[in-house]
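# Inside the fold
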Amino acid sequence: KQWYQRRVRGKVVLLCHASSGVGEQLAYQLARQGAKLLLITRTGRSETLSNKLTLSESYTDSDKANESAQAQLQISAQTFTLLKAVRDEALRLGSPQVEIMSFDFGDVENVGKVVDRAVETMGGLDYLVLNQEELARGFLVKGRPIDHHFVERTFNVNVLSGIQIALKAMPHLQRSKGHIFVSSSALGEISKPGLAVFSSSKHAVNGFFYSLQQELLEKKSPVSLTLGAVGEVDAGDKTPLFTLPEWMVGEKVECAEVIMDSLLARPHTLTYPRIHLTLVRLQKLFG
């Protein structure tokens, strides 16, 4: 397996949301194998690019909107500080080059510039990992009215940013015969009360990237794509989506290992944790 994993040595990986959770652990997995990394934070104001998003319209993983620009800037500073620590650890583990960048994935107009950053600083792109997401909660019936900015923000981060990055990266990945990994969710296959906005965004992710995958296969493109159906993982950086017994919940290090294997084997789909997603699909099948 060590020989197999050496395939990523010296390769350039763009990893979206690497400051905590599964993304952080995947950065360490890649660093151990000698990959070059561009690590991006998933939220907050861009520190290297202009950000046109109104801060009062930005939502975090909590149930409350950050209506204060000062609060949002504080979150940005915190995530960037975490990312610096991930960079230092990745370098210690053996990565020859680690670049970091704070960017708001809600800024769809400029999101393609993260690909430019990878190409400019590292000379190309071999792997693209779309791991960013905005966890949107809110009941539609007898709940607080959901503002359209809340829905727009969720779709910008979860759907449109990934689409734009993938399309921007495609010429570079074609040259390198590269690979795309898209982190979706069990809620891209089923729905759950209180998570209509998040679930619909993940359904949209599945619809677009499964279609893109079919196009790549039909055209015999050198670019491959894996769509990951990720269930509940104890990542330590967000509130759980499901109430599950401990034996059904995945672990962030193991999840990162599974994703790492998918970057090398390049399957069409990935399921983790298997027991949770199997039960989800049975529930969908039999009601």
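This text goes with the structure placed above it.
What this report covers is the structure whose coordinates are included nearby. (Residues numbered from 1 in each chain as written. Predicted model: local features only at pLDDT ≥ 70, side-chain atom pairs only at ≥ 80, totals over all residues. Heavy atoms only, no water.)

Contact geometry for helix α4 (residues 113-122) and helix α5 (residues 148-176): axes closest at 8 Å, N-to-C directions at 30°. Taken together, α4 and α5 sit at an angle that is classed as roughly parallel. Counting all contacts with α4, which are made through Val114, Val115, Asp116 and Val119, the residues of α5 involved are Ile165, Lys168, Ala169 and His172. The residue inventory of the contact of α4 with α5, partitioned by class, reads five nonpolar, one polar and two charged. (Axes fitted to C-alpha atoms, helices over the stretch in contact; angles between N-to-C directions. Helix = DSSP H or I, 4+ residues; strand = E, 2+ residues; numbered from the N terminus. Parallel < 35°, antiparallel > 145°, perpendicular 65-115°, else oblique. Contact = heavy atoms within 4.5 Å. Nonpolar A, V, L, I, M, F, W, Y, C, P; charged D, E, K, R; others polar.)

A few words on the environment of Met122. Examined against the element boundaries, Met122 turns out to sit in helix α4. It is 8.7 Å that separates the C-alpha atoms of Met122 and Leu37, two residues lying 85 residues apart in sequence. Not counting chain neighbours up to four residues away, the residues in contact with Met122 comprise Val12, Lys36, Leu37, Leu38, Gln97 and Glu99.

Our focus in this paragraph is the packing of aromatic side chains. A complete count under the given rule lists two aromatic pairs for this structure. Aromatic side chains Phe103 and Phe105 sit 6.0 Å apart centroid to centroid with 80° between the ring planes, which places their arrangement in the edge-to-face category. Given a relative accessible area of 0%, Phe103 falls into the buried group. Consider the rings of Phe208 and Phe209, whose centres lie 4.9 Å apart with planes at 85°: the pair is edge-to-face. Here Phe208 falls in the partly exposed class, since its relative accessible area comes to 26%. (Phe/Tyr/Trp six-rings, centres within 6.5 Å; stacked < 30°, edge-to-face > 60°. Buried < 20%, exposed > 50% of the residue type's maximum accessible area, 1.4 Å probe, protein only.)

For the rest of this paragraph, the subject is the environment of Pro193. Within the secondary structure layout, Pro193 lies in the loop between β5 (179-183) and α6 (196-218). For Pro193, a relative accessible area of 63% corresponds to the exposed category. In sequence terms Pro193 and Phe139 are 54 residues apart; their C-alpha atoms lie 6.9 Å from each other.

As a further point, take the packing of helix α2 (residues 21-32) against helix α7 (residues 252-265). Any two packed helices are characterised by how steeply their axes cross, that is the angle between the axes, and by the distance between the axes. Two elements in contact, α2 and α7, have axes whose closest approach is 8 Å; the angle formed by their N-to-C orientations is 55°. Classified by the angle between their axes, α2 and α7 sit oblique to one another. The handedness of the crossing between α2 and α7 is right-handed. The residues of α7 that touch α2, namely those facing Gly21, Val22, Gln25, Leu26, Gln29 and Leu30, are Lys252, Val253, Cys255, Ala256, Glu257, Ile259, Met260 and Leu263. Broken down by class, the residue content of the contact of α2 with α7 amounts to nine nonpolar, three polar and two charged. (Left-handed = near helix turned anticlockwise from the far one by under 90°.)

Let's shift gears to α5. In a regular helix each residue adds 1.5 Å, so 29 residues correspond to 42 Å; α5 covers 40 Å between its end C-alpha atoms and thus fits that length. Along its length, α5 shows its largest kink, about 45°, at Met170, and proline Pro171 lies within four residues downstream of that point. Lys177 occupies a position one or two residues after α5 and carries a positive phi of about 55°. (Expected span 1.5 Å × (residues − 1). Bend = angle between axes of the 7 residues up to and from the residue.)

Right, let's get into the side chain of Asn206. Position of Asn206 among the secondary structure elements: in helix α6. Given the relative accessible area of 9%, Asn206 is considered buried.

Read across the open sheet, the seven strands follow the order β3-β2-β1-β4-β5-β6-β9; overall the sheet is parallel. A strand with exactly one partner marks an edge of an open sheet, and here the two such strands are β3 (98-101) and β9 (269-272). Strand-to-strand twist in this sheet, taken as the mean axis angle between neighbours without regard to direction, amounts to 15°. Two strands pair when backbone bridges link them, and strand β2 (residues 36-40) and β3 are joined in this way by four bridges, in the parallel orientation. Its bridge partner lying in β3, Leu39 is registered against Ile100. (Pairing = 2+ DSSP bridges.)

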